[in-house]
Amino acid sequence: NAGVMQNPRHLVRRRGQEARLRCSPMKGHSHVYWYRQLPEEGLKFMVYLQKENIIDESGMPKERFSAEFPKEGPSILRIQQVVRGDSAAYFCASSRRFLAGGSYNEQFFGPGTRLTVL
Amino acid sequence: GQQLNQSPQSMFIQEGEDVSMNCTSSSIFNTWLWYKQDPGEGPVLLIALYKAGELTSNGRLTAQFGITRKDSFLNISASIPSDVGIYFCAGPRGGSGGSNYKLTFGKGTLLTVNP
């Protein structure tokens, strides 16, 4: 079974360019989450998506950032007009459909995309 | 927002030594998770704790869910070089629809093991 796949693994952009990060969830998983990790920090939740739906984007900056999970194909995290402060590792995680009772549903993480903005 | 405080920030130990690290929170968590992150990779779940007071082992790793539900610790016994990495505690907190999916992570403990 392939795990969560992310590409590219490394991405270099100049200020003002666009960055597109892709995530393919594990087989059988229909829930995708994006997290950002700044240097020497823990991961921080950005957005939670199901197929064709954004469920919770409360952790995502209001401007320049967007995410989608189309019916076909990978989930995409898009950052427009990147700035140096966007340099970070971006991780995608996926899980199965939720269990009843509000219990935690294990998220499996991909290897991340390391974005460097020059 | 909720924060998880991990200590120590880093540890340098000799191969074969035991290691202990902990995590505290100002808020209650109903689940505690311990992850390991190798350089250039994503976090991998080591142990999940679901009940206050619970003590769970996974090989040489042992973790406990504090009685107050505001803390947890992770022990590694007889460390080996491949234990090197960053260890994170994390807790899921509520999201929409009553489901707990938003993981809050501590800043991590960097472990270095000298052969």
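Each remark here, short or long, concerns the structure printed above.
If you're wondering where the values come from, they're calculated on a predicted model, not measured in any experiment. Counting starts from 1 at the beginning of each chain's written sequence and moves along it residue by residue. To read the labels, note that chains go from A and ligands from 1, taken in the order they are written. pLDDT decides what is reported in this predicted model: residues at 70 or higher carry local features, side-chain atom pairs at 80 or more are listed and counted, and totals for whole chains, interfaces and linings draw on all residues regardless. In computing side-chain properties, one takes all heavy atoms of the structure into account and sets aside hydrogens as well as water.

(A) Layout of the overall build of chain A. Numbering of helices and strands starts at the N terminus; helices are DSSP runs of H or I of at least 4 residues and strands are runs of E of at least 2. From N to C terminus, chain A includes zero helices and eleven strands. Here the globule rule is a power law, 2.2 Å times the number of residues to the power 0.38, and the radius of gyration is based on C-alpha atoms. A globule of 118 residues ought to have a C-alpha radius of gyration of about 13 Å, and chain A, at 14 Å, matches this closely. Seen through its C-alpha atoms, chain A measures out along the principal axes to roughly 45 × 30 × 30 Å. Contacts were defined at the residue level, with two residues in contact if any of their heavy atoms lie within 4.5 Å. Long-range pairs, those at least 24 residues apart, make up 54% of the contacts in chain A with a sequence separation of at least 6.

(B) Structural context of the overall build of chain B. From N to C terminus, chain B includes zero helices and eleven strands. In chain B, the succession of helices and strands from N to C terminus is β-β-β-β-β-β-β-β-β-β-β. Taken over the C-alpha trace, chain B has a radius of gyration of 14 Å; the compact-globule value for 115 residues is 13 Å, and the two agree within 12%. Within chain B, buried positions represent 44% of all 115 residues. Taking the contacts inside chain B whose residues are at least 6 apart along the sequence as the reference set, 52% of them involve residues at least 24 apart. To be clear on the numbers: accessible area is Shrake-Rupley with a 1.4 Å probe, and residue cover counts the displayed protein chains and nothing else. When the accessible surface of chain B is split by element, carbon and sulfur atoms take 50% of a total near 5,300 Å². Here the positive residues are Lys and Arg and the negative ones are Asp and Glu; neither His nor the chain ends is included. Charge coordinates come from a single atom per side chain, which is NZ of Lys, CZ of Arg, CG of Asp or CD of Glu. Taken as two groups, the 8 positive and 8 negative side-chain charges of chain B have centres that lie 16 Å from each other. Burial status follows relative accessibility: with a 1.4 Å probe on protein chains alone, a residue under 20% of its type maximum counts as buried, one over 50% as exposed, and anything between as partly exposed.

(C) Seen up close, the interface of chain A and chain B. Counting from both sides, the interface comprises 24 residues of chain A and, opposite them, 21 residues of chain B. For the pair chain A and chain B, the two sides together bury roughly 1,900 Å², of which 55% comes from carbon and sulfur. Here, a salt bridge means any side-chain nitrogen of Lys or Arg that lies within 4 Å of a carboxyl oxygen of Asp or Glu. Counting the contacts that link chain A with chain B gives three salt bridges. Here A:Arg9 ties to B:Glu41 by a salt bridge, and the two come within 3.6 Å at their closest N and O atoms. Polar contact is the term for a pair of N or O atoms within 3.5 Å; when the atoms are in protein, one must be able to donate a hydrogen and the other to accept it, and sequence-neighboring residues count only if both atoms are side-chain atoms. At the junction of chain A and chain B, the tally comes to nine residue pairs in polar contact (both at pLDDT 80 or more). At the level of secondary structure, the elements contributing two or more residues to the side of chain A that touches chain B comprise β4 (31–37), β5 (43–50) and β6 (53–56) of chain A. Take the accessible area each of two parts loses on contact, using a 1.4 Å probe, and add the two losses: that sum is the buried area.

(D) Layout of the sheet that holds strand β7 (residues 65–68) of chain A. Residue and element names in this part refer to chain A. Strands sit in the order β1-β3-β8-β7 across an open sheet of four strands; the sheet is antiparallel. Pairing within the sheet leaves two strands with one partner each, and these edge strands are β1 (5–7) and β7. Direction aside, the axes of adjacent strands within the sheet are offset by 15° on average. Between any two strands, pairing holds if DSSP finds at least two bridges. The pairing of β7 with strand β8 (residues 75–79) spans four bridges and is antiparallel. From the neighbouring strand, glutamate 68 faces β8, where its bridge partner is isoleucine 76. Axes here refer to lines fitted to C-alpha atoms; in helices the fit is confined to the stretch in contact. Angles between the N-to-C directions go from 0 to 180 degrees.

(E) Geometry of the pattern of salt bridges. Residues and elements named next belong to chain A. Here the structure, examined in full by the defined rule, presents eight salt bridges over all chains. Residue arginine 20 pairs with glutamate 18 through a salt bridge whose shortest N-O separation is 2.9 Å. With a relative accessible area of 37%, arginine 20 lands in the partly exposed category. Connected through shared salt-bridge partners, Glu18, Arg20 and Arg78 make up one network.

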